[in-house]
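# Report on the structure
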Amino acid sequence: MLSRVANSLYWAGRYVERCDHTSSFINIHYFASLDTPNKMAQEDEFVLESLLFIAGDDYQGKLTEEEVLHHIGFDRKNPMSIINTATQARINAHGTRHLISTECWEAFNKFYHLVNSYDPKVFITTGLYDLTTKLNGACSIIREKIIRTLMHDEVWALLMIGIHLERAFQIIRLLNTKLYDVGKIQAQNPGLNDLTYEWATLLRCAEVYDMSKKYYRKIPNQSQAIEFLILNTKNPKSLISNIEKLHSYIQRLSDKSTLVPGSIEFIIGKFHSYLTYLTIEEIENDTTAFVLNAFEELNKIGAAFEKDYLFLETVEPTVDESVSQ
Amino acid sequence: MQSQQQGTFFDIYKPSEQFYDEVFSMDGTVKPGYQHIFNHFKSLGREAFLKLFEEAKTSFFNQGITFAVYSDTENGTEKIFPFDLFPRIIDAKEWDHIERGVIQRTQAINQFIYDIYHDQKILKDKVVPEALIKSSKNFQKTMMGFEPPGKIYCHISGTDIIRHSDGEYYVLEDNLRCPSGVSYVINNRIALKRGLVGVFNKNKIHSVSDYPEQLLETLQSVKPMNVDEPTCVVFTPGSFNSAYFEHAFLAQRMGIELVEGQDLKVDNDFVYMKTIRGPVKVDVIYRRVDDDFIDPEVFRKDSLLGVPGIMRAYQKGNVTLANAPGTGFADDKAVYTYLPEIIKYYLDEEPILNNVRTYHCEKEDDYKYVMDNVDKLVVKPVDEAGGYGITIGNQLTKEEVKAVQKRITEDRRKYIAQPIMSLSVHATYIEDSNVFEPRHVDLRTYTLFGDDKCHVLKGGLSRVALKKGNLIVNSSQGGGSKDTWVLRS
C-alpha cells in the first residue's frame, strides 16, 4: 500500500474517533452539569472551561455559552472543532476511496454532510443534543462499515490503528479533564470527599458507566473509576484495551521478525507490559504524573508509527494539471 | 390543456418542428423503444416521481458525486451534477452503426498517430497539411520514432456524437487525451436501476457495469515486454482535481492503486511506487494527468505533480503510459476536419459516421466565408476542451460578432467554424417548471483499444443542456447527464 494512502487511512480513523469523543463529551458533560449536586460544577464558567479543556484549542474568546459552543462545534479556525474534525476525516477518507468499500465511503460522506449541513445557530441554541447524538450514531456506522465491509487486511488495520490510538489519547484526556475539574472543586470546598457524581460523569463520557456499575455492582468511586478506565482489560474503552488492540494491529502490519529498540513494535510492546503490571495504587500515588507519562508514551507511539510506516514528502499543487475532456 | 398540478408531466410537451426529437414523433406519438418508460412516467403520480427524483439526488450526494461551489468554499457547499431520470434509448440497429463508426475512427486515428510519429507518409502525400500538425501545441517531438506496445496510442478514447435535424449521427469531436465522464455512465445506471425496477425488466438493455474490468484488461494487454503479471495503477493529479471522483472510482472498481506524482519515483529507468513495504515496480500507468505535467524533465519544468524521469522509463519500454503522450494533436479540432480523408487513407473505407462540414480560418476562402457569416456559424478554438471559447452565431449581439471576428483575425490557426448543428432534443425533467421539456442532447461513447481487441462501451454518456435553447452540453457550462440505454437486438 502507498505510504501516502496509509497516512490518509490512519488519519481518517483518528479524526472520526476524535469527532465522536468531542461530541460525546460535550453532550454528556453539558447535560450532566445541569443537575449536578455540586453547586460549583453547575456554574456556567466551570462547565464552559471544562468543555474547552477537552474540546477546544487555545481559546481566547468570551466565556459565554454561545461562543464556546460555536468554538467547539463550528469554528473553522479551531482545528479541534467538530466541523474541522469531520471535514478532515472526510478529506482523508476521500484520498482512500479507491481502497475502502463503497459502503464505508458513503458512511464517511454522510457523516460529513450531517455536520456541514447543520445550522450552527441551531447548534448553539437548541441543537446540541440533537447534533451530537446524531454524530455519535454516524461515527458508529462508520466503525461498523470499517469492520463489516472491509477485508481485515492492511487497509482495515490502518483505520483501526488511527481509531484506537485516538481513543487512547481521548481516554487520557478525559481523565485529565476530570482531575482538573475535581481539583478545582476540592480547592473551593476543602474536605469535600463525595465526588461520585463527577466520576460517574467521567465514565458516562467514555460510554462505560453501565459496564462499570455491573462490574463493581455499585456506583464506582474515584479509584474504581480510574482503574476501570485505565487498567480493566474487559472494558473495551480502557487505555490498556486500546493499547492491546494497537499492539495486535501493528503486528498485522509488521514484517519484522525481531524486535528493534525504538521501533513502533518495541515501544508499544513495552508500554503494554508496563500497563499490564501497573496497579491502581501505583497510579494513585501520583495520578497527574501518570497522566503526563501516558500522554508522553502515546505521543511516542504516534511518532514511531509515522516514522516506521508513514514517512512522506508532500507537495502542494499550484495548478490544476488536468484539463477535463 | 390541464394545469400542471393536475395533468401529467407531458401535457404541455410540444415536439419540436425544428429539431429531431428522440422520444416523440411530430404527431406526438411515442417512438418505439420509449413506450415502456413513457408509460411508467405517465403512470407515476407527481409525488412518486418527485420522491424518486429526490432519492436519486440523495444517492449521488451520499456517494460524493458532487462538485464544490467555489463561491462558497468557506462553508464547503457542494452540489451534485444534474442528472435526469428519463434515459436516452438507442436501438440495436442504430447502436451497431455508431459502434462500427467509432471503432473505424479509433483504428484510423491510431494509425494516423503512428504514421505522424514515424514516416509521416500522410503528410508527404499531402492528404493532411504538414503545418497543421507541426503547429499543434500537442504534437510532442519527443515521441518521434518511439513505438509503444502494440503500436497503440489511444487506449481510451471518447467520441462526441450528435444527431442532426436530418436524423443522421455526426461526430462533433474526438477526445484522445483523458476523456472523462465514464463514471457517470456507470453511476447513472446504478441510480436508474434502483429507481426504475419495473421498467428495466421490460427492456433488454446492455450492461455498462463491466467497463472497469474491460479497462483493466485493456491496460494489462499493453504491458511492457518481459512482464508476466503487470502492476497497473491510475495516476491522478490529486483530490483537488475536478475528475478525482472518477479516478478513484475506476481505481476502486479495477482493484488497483490510485497514485499521485509524489507516490512514484523513477530509479534506473524503472517506475516504482512508494509503499509501506518499500518500492513496488509499476508496469502500466493509466494516467489522468495531461502531457505537459507528467514529467518535468521533458515537459513543463514547473510541474510539481509529475514524475521526473517517467518519460525515460517509458521510452526504454519499462513502463506503459495510457494514453500515450502526444496523442493530443490528433483531437485538435482542425485535424478533426480531415478525419474522413484520414479514414480513407489508412483503412481504404468510407467513413461510417459523418463529420460536420468545417471551415479552417487559416485557409483564405474559408476565412472570408467565416468572417462574413459569424452570425450563422459555431466558432471554436481548436485547442480548448470543456466547451470553453465556443461562440454560437445566432446567439451573438452585433458587438459580440465583431469581437469574434477580431479574435479570429488575430490568430487564424486557432479557430475553425462549423454550421450551427441542430442537436436533437430529448424529453428532460425540468425542476423549475415541474414538467418534461425538450432539451438538446449529445452522446459521448467510450472506446477501449488494447493489444488484441477494440471494445466500445454499450451505453455512453448522454449530456443534456438544461437551459432552454442552449446547445452547449458540457457540465462546466451548466449541462447535466442522462443514462443511455442501448437495446439488445
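The numbering scheme is per chain: residues are counted from 1 as the chain's sequence reads. The order in which chains are written sets their letters, starting at A; the order in which ligands are written sets their numbers, starting at 1. Under the rules for a predicted model, residues below a pLDDT of 70 receive no local features and side-chain atom pairs below 80 are neither given nor counted, while totals for whole chains, interfaces and linings still include all residues.

## Some words on the overall build of chain B
On a plain count of helices and strands, chain B comes out with 15 helices and 22 strands. Its C-alpha atoms give chain B a radius of gyration of 23 Å, within 12% of the compact-globule value 23 Å for 489 residues. Whether two residues are in contact depends on their C-beta atoms, placed from the backbone: they are in contact if these lie within 7 Å. Within chain B, counting contacts between residues at least 6 apart in sequence, those at least 24 apart form 69% of the total. Here a helix means four or more residues in a row that DSSP labels H or I, a strand means two or more in a row labelled E, and each is numbered from the N terminus. All radius of gyration figures rest on C-alpha atoms, and the globule criterion is 2.2 Å times the number of residues raised to 0.38.

## Examining the sheet that holds strand E9 (residues 270–275) of chain B
All names here are of chain B. Within the open sheet, the three strands sit side by side as E8-E9-E10. Their pairing is antiparallel. Either end of the sheet is taken by a strand with one partner, and the two such strands are strand E8 (264–267) and strand E10 (278–281). Going across the sheet, the axis of each strand differs from the next one's by a mean of 45°, ignoring polarity. Bridge analysis of E9 against E10 gives four bridges, and the strand direction is antiparallel. In the sheet register, tyrosine 272 faces E10, and the bridge partner there is lysine 281. Any two strands are treated as partners once DSSP identifies two or more bridges connecting them. Axis angles are defined between N-to-C directions and span 0 to 180 degrees, where every axis is a line fitted to C-alpha atoms and, for a helix, only to the segment in contact.

## Quick notes on the sheet that holds strand E6 (residues 232–235) of chain B
Hydrogen bonds between backbone groups are what pair the strands of a sheet, and the pairing can be parallel or antiparallel. Residue and element names in this part refer to chain B. Strand order in the open sheet formed by four strands is E7-E6-E11-E12, and the pairing between neighbours is parallel. Looking at which strands have only one partner, the edges of the open sheet turn out to be strand E7 (257–259) and strand E12 (320–322). Shown here is a sheet whose adjacent strand axes are inclined to one another by a mean of 30°, direction ignored. Two elements, E6 and strand E11 (residues 284–287), share four bridges in a ladder whose sense is parallel. Looking across to E11, one finds that valine 233 is bridged to isoleucine 285.

## Things to note about the confidence of the model for chain A
For any part of a model where pLDDT is low, the fine detail of the predicted coordinates should not be relied upon. All names here are of chain A. pLDDT expresses, on a scale from 0 to 100, how confident the predictor is about each individual residue. Here chain A shows a mean pLDDT of 90. Residues at 70 or above account for 93%. The least confident element of chain A is helix H2 (residues 39–42), whose mean pLDDT is 68; the most confident is helix H8 (residues 128–149), at 97. Contacts for the low-pLDDT stretch residues 313–323, under 50 throughout, to residues beyond four places or in other chains number 28 contacts.

## Here's the deal with the confidence of the model for chain B
All names here are of chain B. Confidence in the prediction for chain B averages 90 pLDDT; 95% of positions are at 70 or higher. This stretch, residues 1–6, has a pLDDT under 50; its non-local contacts, to residues over four places away or in other chains, come to six contacts. Scored as a complex, the prediction yields pTM 0.83 and ipTM 0.73.

## A closer look at the interface of chain B and chain A
Contacts between the two partners involve 41 residues from chain B, matched on the other side by 29 residues from chain A. Of the residues contributing to the side of chain B that touches chain A, the split by class is 17 nonpolar, 16 polar and eight charged. The nonpolar class holds Ala, Val, Leu, Ile, Met, Phe, Trp, Tyr, Cys and Pro. Asp, Glu, Lys and Arg form the charged class, and all remaining residues, Gly among them, are polar.

## With respect to the nonpolar core
Residue and element names in this part refer to chain A. Counting residues in hydrophobic clusters, the biggest one holds 211 residues, and the most contacted among them are Ile161 and Leu239. When residues of this core are assigned to their parent elements, the largest contribution, 15 residues, is made by helix H9 (residues 154–188). If we ignore the near neighbours within four places in the chain, the residues touching isoleucine 161 are Tyr10, Gly13, Leu246, Tyr249, Ile250 and Phe305. To form a nonpolar core, buried Ala, Val, Leu, Ile, Met, Phe, Trp, Tyr and Cys residues must be joined through C-beta atoms within 7 Å. With C-beta atoms placed from the backbone, the exposure class of a residue follows from how many other C-beta atoms lie within 10 Å of its own: 20 or more, buried; 12 or fewer, exposed; in between, partly exposed.

## Regarding the pairing of strand E15 (residues 377–381) of chain B
Residue and element names in this part refer to chain B. The buried fraction of E15 amounts to four of the five residues, a majority that puts the element mostly inside the structure. Sheet topology note: the E15/strand E17 (residues 415–419) ladder contains five bridges and is antiparallel. Among the inter-strand pairings, valine 379 is bridged to a residue of E17, identified as alanine 417. Note that E15 and strand E16 (residues 391–392) share two bridges and pair antiparallel. Bridging across to E16, valine 379 finds its partner in threonine 391.

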